[in-house]
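Structural overview
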Amino acid sequence: MEDCLFCKIAAGEIPSKKIYEDDRVVAFYDIDPQAPVHFLVIPREHISGADRITEENSAIVGHIFAVIAKITKDLGCGDDFRVVNNCGELAGQTVKHLHFHVLAKRSLAWPPG
Ligand code: 5GP
Ligand code: ZN
């Protein structure tokens, strides 16, 4: 999609520190990390947010979680990490392209703010 930051990152038009990519998803480090490990996993397909996941396009979410499990193992996070999706302005979504934050290697409080 034109003028979408994460579509441009997925296409390599805007540089990022990529960790993993395949034909369906890209994982890259967050530019403003909130934990010693903080990366984002996005679908290449433009889906504006979790509110736009349907029975037709939801298979990508399963793949994203399999990729998260692989990357966290590769980065030595063990089984200690948090996956976050912010959907909508009230929840803090600033980039309108579906993405899952993965935070690890520090203790994380609950509930979130
Ligand atoms: P949201 O606030 O939508 O849940 O998350 C968007 C995330 O994208 C934020 O954590 C922010 O730091 C990250 N971000 C924004 N612009 C860029 C960028 O140009 N490159 C990278 N790698 N991350 C970005
Ligand atoms: Zn996009």
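Before going into details, it helps to say that this report is about the structure given with it. Computed from a predicted model, the values in this text were never measured in an experiment.

1. Let's talk about the coordination of the zinc ion (ligand 2)
- Protein-derived ligands of the zinc ion (ligand 2) are Cys4 (SG), Cys7 (SG), His46 (ND1) and His97 (ND1), with the metal-ligand distances lying across 2.0 to 2.3 Å.
- The site at the zinc ion (ligand 2) holds four donor atoms, and with the angles between them running 106 to 116°, its shape is tetrahedral.
- In primary sequence terms, the donor set of the zinc ion (ligand 2) follows C-x2-C-x38-H-x50-H. Of this pair, Cys7 sits in helix H1 (residues 5–11) while His97 sits in the loop between strand S4 (81–84) and strand S5 (100–104), and the two are 90 residues apart along the sequence.
- Given a relative accessible area of 11%, Cys7 falls into the buried group.

2. Looking at the packing of aromatic side chains
- Per the counting criterion, the structure on display carries two aromatic pairs.
- Here Phe6 and Phe28 contribute two aromatic rings whose centre-to-centre distance is 5.4 Å and whose plane-to-plane angle is 80°, an arrangement assigned as edge-to-face. A residue pair is termed long-range when its members are at least 10 positions apart, and Phe6 in helix H1 and Phe28 in strand S2 (residues 25–29) qualify at 22 residues.
- Here Phe6 falls in the buried class, since its relative accessible area comes to 6%.
- Residue classification places Phe28 among the buried positions, given a relative accessible area of 3%.
- Their ring planes at 70° and their centres at 5.5 Å tell us that Phe65 and Phe100 sit as a pair that is edge-to-face. Linking Phe65 in helix H2 (residues 59–74) with Phe100 in strand S5, this pair joins segments that are 35 residues apart in sequence.

3. So, unusual backbone geometry
- Across the junction of Trp110 and Pro111, the peptide omega takes the value 5°, indicating a cis bond.
- Relative to the helices and strands, Pro111 is located in the segment after S5.
- A positive phi is found at Asp3, a non-glycine position, where the angle reads about 60°.
- Given a relative accessible area of 68%, Asp3 falls into the exposed group.
- Backbone geometry places Lys105, a non-glycine residue, at a positive phi of 70°.
- Counting through the fold element by element, Lys105 comes out in the segment after S5.
- Under the relative-accessibility criterion, Lys105 is labelled partly exposed at 46%.

4. Digging into the site of ligand 1
- Every one of the 16 residues lining ligand 1 counts as a neighbour, but Asp30, Asn86, Thr94, His99 and His101 are closest to it.
- Residue Tyr29 places a main-chain N or O atom 2.9 Å away from a nitrogen atom belonging to ligand 1.
- The separation between an oxygen atom of ligand 1 and a polar side-chain atom of Asn86 is 2.8 Å.
- For ligand 1, whose accessible area on its own is 520 Å², the fraction buried by protein is 82%.
- By residue number, the principal contributor to the shell around ligand 1 is H1, which donates three residues.

Reading guide: rules and limits
Residues numbered from 1 in each chain as written. Chains lettered and ligands numbered in written order. Predicted model: local features only at pLDDT ≥ 70, side-chain atom pairs only at ≥ 80, totals over all residues. Heavy atoms only, no water. Donors = N, O, S within 2.8 Å, 3.2 Å for Na, K, Ca; no water. Tetrahedral: all angles 85-135°; square planar, octahedral: opposite > 155°, others 65-115°. Helix = DSSP H or I, 4+ residues; strand = E, 2+ residues; numbered from the N terminus. Buried < 20%, exposed > 50% of the residue type's maximum accessible area, 1.4 Å probe, protein only. Phe/Tyr/Trp six-rings, centres within 6.5 Å; stacked < 30°, edge-to-face > 60°. Near = heavy atom within 4 Å. Polar contact = N/O pair within 3.5 Å; in protein donor to acceptor, adjacent residues only side chain to side chain. Areas by Shrake-Rupley, 256 points an atom, 1.4 Å probe, with all protein chains shown as cover.

These figures come from the coordinates and say nothing about function on their own.
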